[in-house]
Amino acid sequence: MVLLRQLLGDVLRQLRLRQGRTLREVSAAARVSLGYLSEVERGQKEASSELLASICKALGVPLSHVLRDVSDQLALAELQQEPVMAGAPEHERIDAERISAESIPATPETIESALRADMVAA
């Protein structure tokens, strides 16, 4: 089972590392202890909404962006664990093995662009 706090921690860590920032820098900007931020990033602590907002502000990223990334990763993890519509007839099921990480856009921007392309095509 995938834990939400682990996915959230992974997303926060990836954002911080992409920016080339240290835990110390982000923890100071977010006004949270370095140890606590480290535990959040490792998925060992559940962050409150206030703490998440503070971390996101320190990273210069909207909370909605972080939650969208977490949601996308959670959806992928769920697909890999169990076929969608498992109770449906065999011909209507989505085969999770055919869905790979490469087939799902990596960022909210690529998802948005793909959705726009689908809307234009329709």
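The structure displayed is predicted, hence computed values, not measured ones. Note that residues are indexed from 1 along each chain, following the sequence as it is written. Residue-level local features of this predicted model are given only where pLDDT is at least 70; pairs of side-chain atoms are given and counted only at 80 or more, and the full residue set underlies all totals for whole chains, interfaces and linings. Based on all heavy atoms of the structure, the side-chain values leave hydrogens and waters out of the count.

Would you take a moment to explain the overall build of the protein for this structure?
In this text, helices come from DSSP runs of H or I with a minimum length of four residues, and strands from runs of E with a minimum of two, each type numbered from the N-terminal end. The helix and strand inventory of the protein stands at six helices and zero strands. When the helices and strands of the protein are placed in sequence order, the string is α-α-α-α-α-α. Of the contacts formed within the protein by residues at least 6 apart in sequence, a portion of 61% connects residues at least 24 apart. Total accessible area on the protein is roughly 8000 Å²; 55% of this is exposed by carbon and sulfur atoms. Any two residues whose heavy atoms approach within 4.5 Å are treated as being in contact. The Shrake-Rupley method, run with a 1.4 Å probe, gives the accessible areas here. Residue values count only the displayed protein chains as cover.

I would appreciate a short explanation of the nonpolar core in the present structure.
Grouped burial of nonpolar side chains is what soluble globular proteins tend to show. Grouped together as the largest cluster of nonpolar side chains are 21 residues, with contacts concentrated most on Leu12, Ile55, Leu59 and Val66. Listing elements by their share of this core, those giving two or more residues are helix H1 (4-18), helix H2 (23-30), helix H3 (34-41), helix H4 (49-59) and helix H5 (63-81). In this structure, Leu12 is in contact with Val40, Glu41, Leu52, Ile55, Leu59 and Val66, ignoring residues within four places of it in sequence. For our purposes a nonpolar core is just a set of buried Ala, Val, Leu, Ile, Met, Phe, Trp, Tyr and Cys residues, chained together by side-chain atoms within 4.5 Å. When accessible area is computed with a 1.4 Å probe and restricted to protein chains, residues below 20% of their type maximum are described as buried, those above 50% as exposed, and intermediate ones as partly exposed.

Explanation requested: unusual backbone geometry in the structure shown.
The phi angle of most residues is negative, glycine excepted, and most peptide bonds adopt the trans form. Backbone geometry at Arg31 places phi at a positive 60°, although glycine is not the residue there. Topologically, Arg31 is positioned in the loop between H2 and H3.

Explanation requested: the confidence of the model for the protein in the structure shown.
Any residue range with low pLDDT should be treated as having predicted coordinates unsuitable for detailed reading. The score called pLDDT rates the predictor's confidence residue by residue, from a low of 0 to a high of 100. Looking at the protein, the pLDDT average stands at 81 and 66% of residues meet or exceed 70. This model gives residues 96-100 a pLDDT under 50, and the stretch forms eight contacts once residues within four places in sequence are excluded.

Help me out: how do you make sense of the environment of Leu74 in this one?
Residue position: Leu74 is located in helix H5. When its relative accessible area of 25% is taken as the criterion, Leu74 is described as partly exposed. On a C-alpha basis, the gap between Leu74 and Leu3 in space is 8.7 Å, while along the polypeptide they are 71 residues apart. Among all residues touching Leu74, those that are not within four sequence positions of it are Val2 and Leu7.

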